[in-house]
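Residues per chain are reported as follows:
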Amino acid sequence: MKEQNLKKLNDSRAIRWGALAIVAFTMMAAYYVNDVVAPLKTMLETDLKWDSSEFGLFTGAYSFLNVFFLMLIWGGLILDRFGIRFTGKLATILMVLGTGLEYYAMTGMADATGTIWGYKVSVFVASAGYSVFGVGAEVAGITVTKMIAKWFRGKEMATAMGVQVALARVGSQAAYAVAIPMARAYEITTPVLVGLICLIGGLIAFFAFSVLDKKLDRQIEAEVDNSPEEKFSFKDVAKILSNPGFWLIALLCVLFYSCVFPFQKFASELMISKYGIDESVAGFFAGLPALGALFLTPVFGGMVDKRGKAASIMMLGAAMLIAVHCIYALPFITSSWIAIVLMIVLGIAFSLVPSAMWPSVAKIFPAHQLGTAYALIFFIQNIGLWGIPTLIGIVLDKYCVVGKANGANLYDYTLPMCIFTGIAVLSLIIAFALKVADKKFGYKLEEANIK
Ligand SMILES: C[C@H](N)C(=O)N[C@@H](CCCCN)C(=O)O
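Named according to an unreviewed UniProt entry, the protein chain is Lysosomal dipeptide transporter MFSD1 originating from Phocaeicola coprocola. Check the Function (unreviewed entry) section of the UniProt entry for the protein chain; it says "Lysosomal dipeptide uniporter that selectively exports lysine, arginine or histidine-containing dipeptides with a net positive charge from the lysosome lumen into the cytosol. Could play a role in a specific type of protein O-glycosylation indirectly regulating macrophages migration and tissue invasion. Also essential for liver homeostasis." Under Subunit (unreviewed entry), UniProt gives the following word-for-word description of the protein chain: "Homodimer. Interacts with lysosomal protein GLMP (via lumenal domain); the interaction starts while both proteins are still in the endoplasmic reticulum and is required for stabilization of MFSD1 in lysosomes but has no direct effect on its targeting to lysosomes or transporter activity."

Trainee: Mind showing me how you'd approach the overall build of the protein chain here?
Mentor: Within the protein chain, the secondary structure is distributed over 16 helices and four strands. The globule rule puts the C-alpha radius of gyration for 451 residues at 22 Å, and the 21 Å found for the protein chain is close to it. Seen through its C-alpha atoms, the protein chain measures out along the principal axes to roughly 75 × 50 × 35 Å. A burial count over the protein chain gives 55% of its 451 residues as buried.

Trainee: What should I look at first to understand helix α12 (residues 288-307) in this one?
Mentor: Counted at 1.5 Å a residue, the expected span for α12 with its 20 residues is 28 Å, and the 27 Å between its end C-alpha atoms agrees. Remark: the principal bend of α12, roughly 40°, maps to L296, with a proline, P298, within the next four residues. Turning to α12, its buried residues number three or more, namely L288, P289, A290, A293, L294, T297, F300, G301, V304 and D305. Check the buried side of α12 and you find it contacts α7 (157-185), α10 (244-273), α11 (279-286), α13 (310-329) and α14 (336-364).

Trainee: For this particular structure, what's the right way to read a nonpolar patch on the surface?
Mentor: On the surface, F64, F68 and F69 cluster together into a nonpolar patch covering about 300 Å² of accessible area. With respect to the helices and strands, F69 occurs in the loop between α4 (52-68) and α5 (71-107). By relative accessible area, which is 47% here, F69 ends up partly exposed.

Trainee: What is the right way to look at the pairing of strand β4 (residues 408-411) in this model?
Mentor: The side chains of a regular strand alternate between both faces of the sheet. As defined by bridge partners, strand β3 (residues 401-405) adjoins β4 across four bridges and the pair is classed as antiparallel. Of the residues in β4, the one forming a bridge with V401 is Y411. In this structure, the hairpin formed by β3 and β4 is closed by a connection of two residues, where N406 is found at a positive phi of approximately 50°.

Trainee: So what exactly am I meant to see when it comes to the side chain of E54 here?
Mentor: Topologically, E54 is positioned in helix α4. Here the side chain of E54 touches K120 through a polar contact of 2.7 Å, side chain to side chain. The residues touching E54, leaving out its near neighbours within four places in the chain, are K49, Y119, K120 and V123.

Rules of the game
- Residues numbered from 1 in each chain as written.
- Predicted model: local features only at pLDDT ≥ 70, side-chain atom pairs only at ≥ 80, totals over all residues.
- Heavy atoms only, no water.
- UniProt positions renumbered as here; feature names shortened; annotations may be inferred.
- Helix = DSSP H or I, 4+ residues; strand = E, 2+ residues; numbered from the N terminus.
- Rg over C-alpha atoms; globule rule 2.2 N^0.38 Å.
- Buried < 20%, exposed > 50% of the residue type's maximum accessible area, 1.4 Å probe, protein only.
- Expected span 1.5 Å × (residues − 1).
- Bend = angle between axes of the 7 residues up to and from the residue.
- Contact = heavy atoms within 4.5 Å.
- Patch = residues over 30% accessible without salt bridge, like charges linked within 9 Å, V, L, I, M, F, W, Y side chains within 5 Å.
- Areas by Shrake-Rupley, 256 points an atom, 1.4 Å probe, with all protein chains shown as cover.
- Salt bridge = Lys/Arg side-chain N within 4 Å of Asp/Glu carboxyl O.
- Pairing = 2+ DSSP bridges.
- Polar contact = N/O pair within 3.5 Å; in protein donor to acceptor, adjacent residues only side chain to side chain.

The structure is reproduced here in structure tokens:
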């Protein structure tokens with residue numbers, strides 16, 4: 001009784017938001033590293049002789065270990081067994097080691113002549129590093145979600161989640177904006193080196209957060225991570241998998257994110273080759289969705305909180321995605337202005353769907369199943385994040401080469417954009433099915449969170 005009356009660390013607004021700022025910095029560095037190689041696609045082709053299939057292999061490698069070695073599932077188990085501090089540090093160390101390996105492969109092994117399983121040594125080892133990084137980044141993602149639930153329960157939890165995602169977008173946009181200019185000014189791998197340094201800063205930041213978190217645990221005495229809430233359990237897995245809402249959200253998540261993250265990885269080259277946008281700013285425009293989402297995700301999140309309509313908003317976002325990808329697919333539209341406007345529209349869709357989707361998960365599942373549900377949804381999402389870039393890379397090499405300039409292939413992006421359009425159509429169908437299921441099963445997705 002006495003302990004409950006004591007002011008805890010997270011009762012102070014400044015301290016809990018300060019704690020969030022610390023871990024958000026780690027995630028910002030993670031999103032920077034995740035995106036920083038993408039704008040360099042054409043330079044990788046000219047300088048390091050990576051073809052599109054190899055670029056696709058590298059991009060998809062982010063999710064390889066998560067999908068084929070079930071790393072997100074093990075990560076969820078470790079998180080529940082050993083807690084936020086241990087898992088967060090482990091995840092951040094994996095990100096640092098993975099990025100270190102990626103950097104070493106792109107610098108020290110760039111001239112190596114051998115192959116591993118048919119891939120250049122440098123591509124294979126860089127992909128292995130990026131894969132290790134991907135495990136760390138995804139496990140860090142679920143760890144930070146759980147951290148927010150712990151520090152902000154009964155307080156500004158939804159806002160905190162929105163702010164963390166928005167700050168992560170700063171990392172993405174920075175990566176898209178600086179990669180090409182930095183690589184031109186220094187070395188092609190300098191942007192990766194900067195990411196590695198930021199991640200080491202993120203690791204130090206997470207150690208600093210751990211001091212605060214330990215203090216909070218001492219104050220609340222009962223170890224939050226050992227409470228039955230938000231534990232990963234195989235019994236819950238069965239319950240979650242039998243819920244139709246899970247499959248609809250997971251499918252929408254994998255389809256929607258497959259049209260955004262993998263598309264962005266190829267978008268810099270699309271901007272340059274089809275729309276004639278200058279190389280030095282192409283990355284900035286490819287990163288516009290992240291920049292838009294930075295401002296709009298908290299705004300739309302607030303709207304969903306106050307007015308509801310989450311299922312309708314997800315449908316709207318998916319419909320906008322179809323329009324964007326379909327217009328990018330049209331071979332006769334080559335105006336750079338249209339390309340930029342489409343990126344802005346994509347940014348709006350990229351804000352609408354996540355701000356409605358992630359809080360919907362919390363409506364469909366009870367609190368004690370949330371951690372498990374997020375880990376499973378991330379797992380299914382990673383299948384798309386692995387498969388789609390791999391597929392697009394192969395399609396580009398096989399069917400889309402239309403010439404050569406300055407040692408790099410020129411590609412016609414019509415077919416890849418048709419593939420993205422098809423996936424976006426499927427995402428709209430699933431979003432519609434979710435709205436129907438919402439009425440049938442009473443998930444209350446269309447209702448406001450704040451009444
Ligand atoms: C890539 C990662 N698995 C992901 O989906 N990230 C989301 C944010 C998820 C937040 C969940 N509380 C994103 O939109 O970046």
